[in-house]
Amino acid sequence: FCELQERTIDDCTCNVDTVDHFNNVKVYPRLRSLLTKNYFRFYKVNLKHMCPFWADDSKCAMKYCHVEACHESDIPPGLKGVLRTKTCASDASSTKYTSSESCDDDHNPELGFLNTTISAKAEEDFALWQAHDDAQDQFCDINENDNKAEYVDLLLNPERYTGYKGKSAHRIWNSIYKENCFRPENTYRAYIDSELLKGMCLEKRAFYRAISGLHTSINIHLCAKYLKTQSAGGLSLTSPKGEWGPNIDEFIRRFSISRTNGEGPNWLRNLYFLYLLELRALDKASQYLQKEEFYTGDEAQDWDTQLAVQDLLSVINNFPDHFNESVMFNGGQETKKLKREFKEHFRNITRIMDCVGCDKCKLWGKLQIQGLGTALKILFDYDNYMPKPKQYKKEFKLERNEIVSLINSIGRLSTSIYELDEFRQMSR
Ligand code: FAD
């Protein structure tokens, strides 16, 4: 029905069987365990931003859309910015740093000289321009440092069927595909399909495949954790207990060849494409992540987390068929413009997440879009940064929320591939 007759993954060198085996045996069990660690459990998010594009058209009335934010006492002390003492090798006296600062953020004598020569006003203007330029250069427009952002325990608020559908959900997907994905000029078709993709360049195809892969993943999760009937008489969305389990009919409705104009299997393959893209990003950032402390304030658990991350990274490093990002954006002036557009489109999608009318869907939508944005930042911006002491270029940095969203996003994709295999077995 939606069996992948074609086993290749478009724009990648490996096939579905290689990924299934690698993911289900090696990656999925490791991520499952890693994502229970405190560092990855708590995600800081603002679910109260106004939708910047249209008047909020829906508030999900179902209780399954609700997100429970953490109480202050549930949050690990290290995530609340508690100061700790750390001694820098180059500095005999011990200095206090917040958990997000590192020793090499040291005073730069060159900048110190400049600071004394430019006026406070010029300095302020410079900071504003810098912030503006930096924002234009980002993939994501997500600011979790505002005072309305709250920590959410992801394990207590799992992604699953919520009942969010209809006009509001379609408006989001519509505006993503029709207005924010690249499309060939003069096309009147509502959705991009495999025919249209053939005429597009690799970068634009990749953009669409990544979004479609995310859409697939979200929809597989809601099929795998569907609200089950209480009685034999059909679905009860008001089930007081709420029990979730796989719903094969729902899966077939969404992905079968006959019900999707032949596109279902392509959407499933796009999930594999996105998985390979994010896996490669993780591989590329492995040196950076190996130095990360995963600080939560609990020394034993932080050490455990470091070891678990290293183990995962070494497994991923041995994957033989990584996505090759170097073939993208490497053609001079034209591709610089394309990369700028790519970032603009993607930033817009991060803003659209504020228009999702179900808090649970918004939480996981934001997290996964931020995770994908972080993967893109690693794939396409990492090489532009220089390690110190070449002071003229900035140092590459990932914020805690970027790391948390990246690993959780890969966890979501990895789980989808695992669940897809279960659906295949159920249908045999
Ligand atoms: P939709 O999934 O709404 O799709 C709309 C149209 O897009 C389809 O008719 C088809 O033409 C096309 N399409 C479908 N799949 C793909 C694909 N993979 N690639 C390309 N095109 C495609 N619901 C939950 O129950 N739980 C959640 O956690 C959840 N999270 C969500 C997060 C976001 C950001 C959004 C926008 C929606 C979320 N939803 C969630 C809703 C869910 O994704 C569907 O929109 C909803 O179930 C209605 O499904 P549908 O069959 O009408 O088609």
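Under an unreviewed UniProt entry, the chain has the name Ero1-like protein and belongs to Aquatica leii. Per its UniProt entry, the chain bears the Subunit (unreviewed entry) comment "May function both as a monomer and a homodimer."

Participant: Mind showing me how you'd approach the site of the ligand here?
Facilitator: Around the ligand, a shell composed of 23 residues is seen, among which Ala 169, Ser 212, Trp 267, Cys 361 and Gly 365 lie nearest. Elements represented by at least two residues in the shell around the ligand include exactly helix H5 (166-180), helix H7 (202-224) and helix H13 (359-381). Among the elements that take part in the shell around the ligand, H7 stands out by supplying 6 residues, more than any other. Here the residues of the shell around the ligand sort into 12 nonpolar, 7 polar and 4 charged.

Participant: How do you make sense of the packing of helix H1 (residues 16-34) against helix H14 (residues 400-426) when you look at a structure like this?
Facilitator: Axes are the key here: two packed helices are described by the angle between their axes and the distance separating the axes. The interhelical angle for the contact between H1 and H14, taken along N-to-C directions, is 130 degrees, at an axis separation of 9 Å. Judged by the angle between their axes, H1 and H14 are oblique. As for how H1 packs across H14, the hand of that crossing is left-handed. For the pair H1 and H14, the contacting residues are Val 19, Asp 20, Asn 23, Asn 24, Val 27, Tyr 28, Leu 31 and Leu 34 in the first and Ile 407, Ile 410, Gly 411, Ser 414, Thr 415, Ile 417, Tyr 418 and Asp 421 in the second.

Participant: Please clarify how unusual backbone geometry should be interpreted in this entry.
Facilitator: Outside of glycine, negative phi angles account for most residues, and trans bonds account for most peptide bonds. Positioned with a positive phi, Asn 261 is a non-glycine residue whose angle comes to about 55 degrees. Mapped onto the fold, Asn 261 is located in the loop between helix H8 (248-255) and helix H9 (264-284). Despite not being glycine, Phe 329 shows a phi value in the positive range, around 50 degrees. Checked against the element boundaries, Phe 329 lands in the loop between helix H11 (299-317) and helix H12 (333-352).

Participant: Looking at this structure, I do not really get the nonpolar core. What am I missing?
Facilitator: Leu 34, Ala 210, Leu 274, Tyr 275, Leu 276, Leu 277 and Ala 375 are the most contacted members of the largest nonpolar core, which has 87 residues in total. Of all the elements, H9 adds the most residues to this core, at 12 residues. Excluding residues within four positions of it along the chain, Tyr 275 makes contact with Val 19, Leu 413, Ser 414 and Ile 417.

Participant: Is there a simple way to think about the UniProt feature "binding site: FAD" (unreviewed entry) in the chain in this case?
Facilitator: Here, UniProt's "binding site: FAD" (unreviewed entry) annotation points to Arg 160, Thr 162, Trp 173, Ser 212, His 215 and Arg 254. Along the chain, Thr 162 falls in the loop between strand E4 (150-153) and H5. Looking at Thr 162, the number of C-beta atoms within 10 Å reads 21, which means it is buried. Contacts of Thr 162, omitting those with residues within four sequence positions, involve Cys 60, Met 62, Tyr 64, Cys 65, Cys 358, Lys 360 and Cys 361.

Definitions and limits used
Residues numbered from 1 in each chain as written. Predicted model: local features only at pLDDT ≥ 70, side-chain atom pairs only at ≥ 80, totals over all residues. UniProt positions renumbered as here; feature names shortened; annotations may be inferred. Near = placed C-beta within 6 Å. Helix = DSSP H or I, 4+ residues; strand = E, 2+ residues; numbered from the N terminus. Nonpolar A, V, L, I, M, F, W, Y, C, P; charged D, E, K, R; others polar. Axes fitted to C-alpha atoms, helices over the stretch in contact; angles between N-to-C directions. Parallel < 35°, antiparallel > 145°, perpendicular 65-115°, else oblique. Left-handed = near helix turned anticlockwise from the far one by under 90°. Contact = placed C-beta atoms within 7 Å. Core = buried A, V, L, I, M, F, W, Y, C linked by C-beta atoms within 7 Å. Buried ≥ 20, exposed ≤ 12 C-beta atoms within 10 Å, placed from the backbone.

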